[in-house]
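Residue strings, one per chain:
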Amino acid sequence: MTAQNSLSQIYLDANATTPVLPQAAAAALTTMETMFGNPSSSHISGLQAKQIMDNARDKAKQVLGSGNGSVIFTSGATEGIQTGILSGLYSAKSQMQAGKKYTILYGATEHKAVPESLKHWNNILEINAEVKAIPVNRDGDLDLEFIANEVPNALMICTMAVNNETGVYQDLARLEKVIRDNNAGIYWMVDCVQALGKTSLDLANTSIDYAPFSGHKLYGPKGIGFVYIRENAPFTPFIAGGGQEGGLRSGTENLPGLAALNVIFDMLLSTNDESFTNVEQLHKFRAQLTAALKQSFPEVVFNHSFKNSVPTTLNFAIPGFSSKEIMDLFDAANIRVSSGSACSSKVTRSFVLDAMGLPAWQSESAIRMSFGPAMTQDQIDMACERIIQSAQALGQSCLTLDSNDLNPRADLAGLVQFKVGGSCTWLYVDQATKSAVVIDPLAEITERLSTVLNCQNLTLTAVIDTHGHADHISDRGQLVNNLDLTQATDFLGWPVNCDVKILNGQSYPMIKVGEKYLVKVATPGHTDDSISLILCSEVNNELKIEYVFCGDMILMGSLGRTNFSTSSSEQMLQSIQRLHSIVGTDSLLCASHDYHNEFVTTIAAEMDRNCLLSRVINKEIAVADFVTEKTALDTNINDETGSEIMCGAFVESCNTKPVTDYNSQTLSDAMSQSDDMTLIDIREPHEYALGHAQKFGINVPLTRLVDFIGAHQDKSEQLVLVCRSGSRSHIAAQALARLGYKNVGHLKGGYALNN
């Protein structure tokens, strides 16, 4: 199996790292092949190597305007940060007065390498000063009044020239005046990593003591950097050993990296070299990208002011979309962006935007587009075109109402799961009658639900909550108002006047959703008025149960919480046992929370992993042992024998099931040996529509996985799941395996690593 990229890559994540320019790569390769001597050796090869290093140092000093200051080559910015902080704090320690309280200051929006290094060396050196963050305003500017008040008692202050997430730059001249007017002798480090090539530097004419830089942020290779040390600033070697770099930084020098830096420095110093675009043109590039974003996403919000940020960075958020959704969308269009700092890629929100006081949704949804001075007009034109195409493709998922979609919208039918964190909203659509019902609506997705319903021309039959309390923030009323649903309901949204249906010999309230029936069963326990909803179809005059919406009463691997004032453990146990008698062991249970991406469960699956729910079903737990104050999410309880029962929702051994990991070769081999293998692409429809990679099998996005499970009850099917990176496919494959599917696999690394 080979996935073919039909679109060239548009790289807009330069603040994370830049591609190595061909000229720099060629210089590094030539050096490895022909100038490989050790700069410390005295023979000719060593002298030739030393010349490369000396040339790089001379050029670096010119680029930085370092005057009589020193430039020391390092492995990168993090080492440079350690070098500056260790040097400053070690010297400051010797000047401390007994009994006086000291602080160490850093900007609240600094790269995490700075505060974490300050805390580390503060502890190692046993200085024990208070490490304080300098606040910033809405524009990201440091609070100068705070600095003026705090800096007199500070040992060191660390700021940054240009922020890596927002591109916001500090007015170093104003900052210097405030610092030196209030503490002339304090040691000052400025992180200049993102400033190189984007702003002019004249370090010798400042009182900055230390300034780290990194080669891979400006088209050089990774593993090479340098740090500026002001003349007469104290210095303590961070790495001791063979005495290289005049004893200031030991370790054999990275000669290929230095050769590459030589080329970059030549480009920065040349007035004729056209490799780097001038600042005026970079501003035009940003304006062009901004216009494309506004055209594509009219509600886009930019998270920084353009007045005080370099033109090579755009940080924005799109209302109604998470950062992951936009990253996946752009990635499908072969546009590379990030959700803030690449060094914090697993963090769900931006501490930089939080420090600037932006609303939580902007911090959680932030996208960073960044480019370098080697960006070209053709690349910007292509990026803008691709951004517009990406936005149009959202119509494939009915996430926008744009009429200019790449392909006609597919009709939505069956069950759709929407998630916000660990909370779930369920939408069921009957395509034949164009009717729908929403269960457990969440405020965060009201607009999205409205768009989907309008896009699909659906009539809303009902909007129902299975329960109502403080940790489930519903927006049923707003959804109803938006869609002009006027039928009288109770406080959970169930119609006041409705028919009944006989299920297992008992009469239950019922409403119709197209040709199906939604039956309400009272299941108190989680709250007094908790209900479960059973979706049924009628086959040969018999009701067939398709889905059970059990609210918070059942969680995957556990029970719902009973530590609310209206909760009752006894009622919950009785309700679960009652529901089991109605729906049996194989009906799909759709909970209102899914903390571990299990999507759906069945009583049979819960009994198979022998977690808490199975003990309840089998009546192995005494009501007295299930205490109201205990929470099934993070607490253990005892059964009648005194044995400890793990509440399995967060127990790894209960959750993980083996699945087959394929790569492109093993998948091709398996497909050639089997005619019954079904390939399932679980990317979202808009990703699938952009189609930069070859499309395989059927498209079943994660939001429709439960609907797929409901329609595919043959658990012997050979299923192989595929996505962009292999992350979503692995989660979905494990969910299927937990439900008893015997032959489940996924493409490890996804399309990204199997081209």
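About the cut-offs
Residues numbered from 1 in each chain as written. Predicted model: local features only at pLDDT ≥ 70, side-chain atom pairs only at ≥ 80, totals over all residues. Heavy atoms only, no water. Helix = DSSP H or I, 4+ residues; strand = E, 2+ residues; numbered from the N terminus. Buried < 20%, exposed > 50% of the residue type's maximum accessible area, 1.4 Å probe, protein only. Contact = heavy atoms within 4.5 Å. Polar contact = N/O pair within 3.5 Å; in protein donor to acceptor, adjacent residues only side chain to side chain. Pairing = 2+ DSSP bridges.

Engineer: For this particular structure, what's the right way to read the environment of glutamine 718?
Structural biologist: Tracing the sequence through the fold places glutamine 718 in strand β30 (residues 718-722). By relative accessible area, glutamine 718 is classed as partly exposed at 27%. In the structure, glutamine 718 is positioned 42 residues away from aspartate 676 in sequence and 6.5 Å away in space, judged by C-alpha atoms. Contact partners of glutamine 718, with chain neighbours within four places excluded, come to Ser674, Asp676, Met677, Thr678 and Asn743.

Engineer: Help me understand the side chain of serine 532 in this model?
Structural biologist: With respect to the helices and strands, serine 532 occurs in strand β20 (residues 531-539). We classify serine 532 as buried; its relative accessible area is 0%. Within the structure, serine 532 has its side chain in polar contact with the side chain of threonine 523 (distance 3.1 Å). In contact with serine 532, other than residues within four places in its own chain, are Val519, Lys520, Val521, Thr523, Phe549, Cys550, Met553 and Leu579.

Engineer: Is there a simple way to think about the pairing of strand β8 (residues 225-229) in this case?
Structural biologist: The two faces of a sheet get side chains in turn, since along a regular strand they alternate between them. Among the 5 residues of β8, 5 are classified as buried, and the element is accordingly described as predominantly covered. Taking every second residue as pointing to the same face, both faces of β8 are buried, with Gly225, Val227 and Ile229 on one and Phe226 and Tyr228 on the other. Pairing between strand β2 (residues 70-74) and β8: 5 bridges, direction antiparallel. Paired with phenylalanine 73 across the two strands is phenylalanine 226, which belongs to β8. Both strand β7 (residues 210-214) and β8 contribute to a ladder of 5 bridges, which runs antiparallel. Bridge assignment links alanine 211 to a residue of β8, and that residue is tyrosine 228.

Engineer: Help me understand the environment of valine 706, please; the structure alone is not making it clear to me.
Structural biologist: Along the polypeptide, valine 706 turns up in helix α21 (residues 705-711). Here valine 706 falls in the buried class, since its relative accessible area comes to 1%. Separated by 291 residues in the primary sequence, valine 706 and leucine 415 place their C-alpha atoms 7.0 Å from one another. Leaving out residues up to four positions away in the same chain, valine 706 has contacts with Leu415, Gln417, Trp426, Tyr547, Leu588, Cys590, Phe599 and Val600.

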